[in-house]
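Residue-level listing of the chains:
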Amino acid sequence: MTLLTLLLGPFLVSAQNNNIYGTVTDSLYKPVSDVFVSLLPDSLTTLTNRKGEFSFNKKTDAPSQLIFSHLQYQTKTIPADASPIEVTLKENTQILSGVDVEDLRYSETPEIGIIQIDAKNAYMLPSATGDFSKILATLPGVTSNNELSSVYSVRGGNYDENLIYVNGMKIYRPFLVSAGRQEGLGFINTDMVGNVQFSAGGWQAKHGDKLSSVLNVQYAEPLSNEATVNMSLLGGSLYFGGVNKAGDLHYSVGVRHKNSKYLLGTLETNGNYLPKFTDLQGFVSKRLSAKTKIGLLISSAHNNYLTVPESSETEFGTIQASFRISTAFEGREKLDYHTNQIGMQLSHSFNENFISRLVVSGVHSSERENYEVEGAYLLCDINRDPGSNRFNECVTIRGVGSNYSYGRNKLEAQVLSVDQRNEVYLNNDVLEFGVSWDYEKLDDRLKEFAFTDSADFSQVTFNADNEIEIESHKIAGYAQYTINSADSLHTLNLGVRSNYWSFSEELLISPRMQYAYRAGVRRTTVLRLGAGLYQQHPFYRELRDRNGDINSEVRAQSSFHIVTGMDHYFTAWGRPFKMTSDIYYKYLWNVNPYDLNNIKIRYLGTNQAKAYAYGADFRVNGEFIEGTESWFSLGILKTREDLQEGNGNVRRPSDQLINLGIFFQDHMPNDPSIKVSVNMLFGSGLPFGPPGRDDLRNAFSGDEYYRLDLGFSKIIELKNDKTLMPNSIWIALEVLNVLGADNAISYTWIEDVVGNQFAVPNSLSARFLNVRVVAKF
């Protein structure tokens, strides 16, 4: 034995020296997964597993270097010394981001199919509203064709099919809003955002009961005293955050005010716009002991919208047949939406392998809509002959008429939720289970009347006068088990979710599955598969039909998702990148069809339809420019529905074949403080059709939606120790809708004297110049 050891000793030592292995942790010494590790000059690469571990077998005995890259951490290069190697990565930070990225912890393996969003990018994104949701519109599979609204649709769904959580609290937006210009502020305060996760389909059982997507946001816990002042022509915000000396109490307060008066002045409808949108949010986190932590989130939003329309002029058609409609208005709209939410989260670690969380939250919403507007219009042909002395003038009057709308709507809503969740770690595996209870009380008073007087023919287009009162309970539970193989190559998640609603007395059972495999020797490619049932109990709006009448027999909509995808990590120009691709299919039954006008959804109030959606999503993100993250997204979608009325499959209102989103950041080569941010969206035309004509339902295709927003910024660092003086100032110039695109959000149908119908487009905002100044303390 001794002789054998002497003979093989040099070879054994050489083999050990060629084995490079170690662990990657963050600043709190927690393991970091999915770190891209490169070994040079051998050109070997790998990804760290869920325990932060990596290993290589060197090809040569030459001196080597290890490069560690991750989008949320600063790149680090070290010599490949004797193993084991322990590496600590420092989180990326950015001046004036408004978010403490240092507080983010990506210590756990990301869920299968979940997109992680760096919160600071939402702050840099130029947009008309500055709303956090606009960063979602640049992701594949997400559609948002209205820069004035925070709503979005995902993979053929509608706006009511998206789950949003903030610190475990379910978020509700105003219920009665019918147009983007009325909506006000979205709930998520960009100044306070920390960790963001988004899934466009095929998510785990623990995430709830909706048909399309889930967005999970965690507010950051400040690590030091800080403040931000943000001012622009469209509003501003104040933020203050801090931590006590003991480091066990974190707090943050954010106040936002939005006044889109100047932006709304670019709409085709001239008038007096007096929107005032304000909200206040506070978040406090206290560690009660080494094992117990409590957090409290409070929000109060007050959105008031008053407008007195005066006139509008719209041109549409083609060069050969060009038309103009001129409208004079009388009346006003006065809309008030007040929403108060509060949520408390208590977490306790019974031991290092058993964590339990309790979330108790409540919502009260009080909404009023009072409007009475009459518009008298004149429709005519336009002379497009440049050589004519009547060029660009009306030459033939095709129709004269008026539209009248009246509404006195009122809503009172209270929602109380209790959600209890548990996590049990069993070596490499995780068992999760929980239960929840929701109490909902809604009182909705609908009183609307509308008619059209066109070409001497009057027609009542809508008439509703009723009230719905619902007091109900929802009880839900879930259990799921995640299996991770010892070599971290395989991850399998199996789960089931149940949900019962007392109003319909319907019990839903939804099994779900996700699987991931790290392929290749370098483990830089992750293959994914997800499938399951996703079912959604109706909310009160889904009980109303087109006429506003109530159908209490409406049942839950159901869908089956299957998603297969791939995540590929690679380096280019010495920087980390990630390419994601997904192919999906969704089959839906008991579908409650709906009509879409602007952002107002009016359901048919039945479960008469069947539907399907399939498509593919692609995304490449990484450091195209060193030190900044950018991405390119492409979505391809086809979705159809059959109302079973003899018309076969027709396009759904959200059927958008092509959807392209680009978020790109660049800076001056010799001065990174000067930056350019690009936000570009393109979507093919959405379908539409004449009202009340199911035989022509969504038979026509609208114009493409395209929009380009540019932001030019300069960061000025001010190094001083004075308390009331800023540490840095960020000055930005934003050119919104650079191309001056005349995007249509909806269509108004009118009739001329001979019975021809015309679809008149209602356009969104025009080009606008915005100035932002942000001071960081």
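In this text the structure is predicted, and so the values were computed from the model without any measurement.

Before going further, it helps to spend a moment on the overall build of the chain. Within the chain, the secondary structure is distributed over three helices and 43 strands. In terms of overall size, the chain behaves like a compact globule, its C-alpha atoms giving a radius of gyration of 28 Å where 777 residues would be expected to give roughly 28 Å. Each principal axis of the C-alpha distribution contributes one length, and for the chain these read about 110 × 60 × 50 Å. Looking at the chain as a whole, 55% of its 777 residues are labelled buried. Of all intrachain contacts in the chain linking residues separated by at least 6 positions in sequence, the fraction that spans at least 24 positions is 65%.

Read from one edge to the other, the open sheet built from four strands follows the order 3-2-5-6, with strand pairing classed as antiparallel. The open sheet has two edge strands with one neighbour each: strand 3 (44-47) and strand 6 (73-79). In this sheet, adjacent strand axes meet at a mean angle of 15 degrees when their direction is disregarded. Of the strand pairs in this sheet, strand 2 (residues 36-40) and strand 3 are connected by four bridges, and their pairing is antiparallel. Bridge pairing in strand 3 links Leu39 to Leu44.

Glancing now at the state of the cysteines. For the structure shown, the criterion picks out one disulfide. Between the sulfur atoms of Cys380 and its disulfide mate Cys394 the distance is 1.9 Å. One end of the pair, Cys380, is in strand 21 (residues 354-382); the other, Cys394, is in strand 22 (residues 394-426), and 14 residues separate them in sequence. The class for Cys394 is partly exposed, based on a relative accessible area of 27%.

Looking at the element boundaries, His568 is found in strand 28 (residues 557-572). Sequence separation between His568 and Thr580 is 12 residues, and the spatial gap between their C-alpha atoms is 6.5 Å. Within the structure, the side chain of His568 is placed 2.8 Å from the side chain of Thr525, a separation counted as a polar contact.

A complete count under the given rule lists 34 aromatic pairs for this structure. Judged by centre distance (6.1 Å) and plane angle (35 degrees), the ring pair of Phe240 and Tyr251 falls under tilted. Of this pair, Phe240 sits in strand 16 (residues 235-243) while Tyr251 sits in strand 17 (residues 249-258); the two residues are 11 residues apart in sequence, bridging distant segments of the chain. Tyr251 sits in the partly exposed class, given a relative accessible area of 26%. Taking the centre distance of 5.0 Å and the plane angle of 80 degrees together, the rings of Phe577 and Phe624 count as edge-to-face. Of this pair, Phe577 sits in strand 29 (residues 575-591) while Phe624 sits in strand 32 (residues 609-625), and the two are 47 residues apart along the sequence. Given a relative accessible area of 4%, Phe577 falls into the buried group. Among the aromatic residues, those joined into a ring-pair cluster are Phe570, Trp573, Phe577, Phe624, Phe632 and Phe664.

On to the environment of Thr45, then. Note on placement: Thr45 falls in strand 3. Between the alpha carbons of Thr45 and Ile67 there is a distance of 9.3 Å; along the sequence they are 22 residues apart.

A few words now on the nonpolar core. Of all hydrophobic cores here, the largest spans 40 residues; its most connected members are Leu148, Phe175, Leu263, Leu264, Tyr305 and Tyr540. Elements with a minimum of two residues in this core: helix 3 (261-264), strand 18 (269-287), strand 20 (322-351), strand 22, strand 24 (457-484) and strand 31 (600-603). Looking at this core element by element, the count peaks at three residues for strand 22. In this structure, Tyr540 is in contact with Phe175, Leu176, Leu411, Leu442, Asp444, Ile468 and Ile470, ignoring residues within four places of it in sequence.

This brings us to the confidence of the model for the chain. Of all residues in the chain, 94% have pLDDT values of 70 or greater, and the mean over the chain is 86. Note that pLDDT drops below 50 for residues 1-16; the model gives that stretch zero contacts with residues more than four away or on any other chain. Scored below 50 in pLDDT, residues 93-109 shows 61 contacts in the model against residues more than four places distant or in partner chains.

What follows is about unusual backbone geometry. The backbone of Trp573 sits at a positive phi, close to 55 degrees, despite the residue not being glycine. Within the fold, Trp573 resides in the loop between strand 28 and strand 29. Owing to a relative accessible area of 62%, Trp573 belongs among the exposed residues under this scheme. One non-glycine residue, Asn698, lies in positive phi territory at about 50 degrees. Summarising the element assignment, Asn698 is placed in the loop between strand 37 (687-688) and strand 38 (700-701).

Here we take up the side chain of Ser633. By secondary structure assignment, the location of Ser633 is in strand 33 (residues 628-642). Judged by relative accessible area, which is 2%, Ser633 ranks as buried. At 2.8 Å, the side chain of Ser633 and the backbone oxygen of Thr138 are in polar contact. Beyond its immediate sequence surroundings of up to four residues, Ser633 is in contact with Thr138, Leu139, Pro140, Phe618, Arg619, Asn659, Leu660 and Gly661.

Here we take up the pattern of salt bridges. Scanning the entire structure with this criterion turns up 36 salt bridges. As a salt-bridge pair, Lys293 and Glu221 come within 2.5 Å of each other at their nearest N and O atoms. Taken together, the positions of Lys293 in strand 19 (residues 292-317) and Glu221 in the loop between strand 14 (213-219) and strand 15 (226-232) put the pair 72 residues apart, joining distant regions of the chain. Relative accessible area serves as the criterion here: at 14%, Glu221 is assigned to the buried category. Here Arg693 and Asp695 are joined by a salt bridge, their closest N and O atoms 2.8 Å apart.

Let us look at the pairing of strand 43 (residues 768-776). Bridge count between strand 15 and strand 43: five bridges; the pairing is antiparallel. Note that in strand 43 the partner of Val229 across the bridge is Ala775. Of the pairings in the sheet, the one linking strand 40 (residues 728-736) to strand 43 comprises nine bridges and is antiparallel in character. Across the sheet, residue Leu733 finds its bridge partner in strand 43, namely Val771.

Attention now moves to empty space enclosed by the protein. Under the defined criterion, the tally for this structure stands at 14 cavities of 30 Å³ or more. What the second largest cavity holds in volume is close to 420 Å³. As for the second largest cavity, its lining consists of 24 residues, of which Thr129, Gly130, Asp131, Asn230 and Arg772 are closest to the centre. Among the elements of the structure, helix 2 (119-124), strand 15, strand 16, strand 17 and strand 43 are those that each provide at least two residues to the lining of the second largest cavity. Within the lining of the second largest cavity, the residues separate by chemical class into six nonpolar, 12 polar and six charged.

Cut-offs applied
Residues numbered from 1 in each chain as written. Predicted model: local features only at pLDDT ≥ 70, side-chain atom pairs only at ≥ 80, totals over all residues. Heavy atoms only, no water. Helix = DSSP H or I, 4+ residues; strand = E, 2+ residues; numbered from the N terminus. Rg over C-alpha atoms; globule rule 2.2 N^0.38 Å. Buried < 20%, exposed > 50% of the residue type's maximum accessible area, 1.4 Å probe, protein only. Contact = heavy atoms within 4.5 Å. Pairing = 2+ DSSP bridges. Axes fitted to C-alpha atoms, helices over the stretch in contact; angles between N-to-C directions. Disulfide = S-S within 2.5 Å. Polar contact = N/O pair within 3.5 Å; in protein donor to acceptor, adjacent residues only side chain to side chain. Phe/Tyr/Trp six-rings, centres within 6.5 Å; stacked < 30°, edge-to-face > 60°. Core = buried A, V, L, I, M, F, W, Y, C linked by side-chain atoms within 4.5 Å. pLDDT = per-residue confidence, 0-100. Salt bridge = Lys/Arg side-chain N within 4 Å of Asp/Glu carboxyl O. 1 Å grid on protein atoms, 1.4 Å probe; cavity = no way out; pocket = protein on both sides within 12 Å on 5 of 7 lines; lining within 4 Å. Points joined across faces, edges and corners; volume = space filled by probe spheres on them. Nonpolar A, V, L, I, M, F, W, Y, C, P; charged D, E, K, R; others polar.

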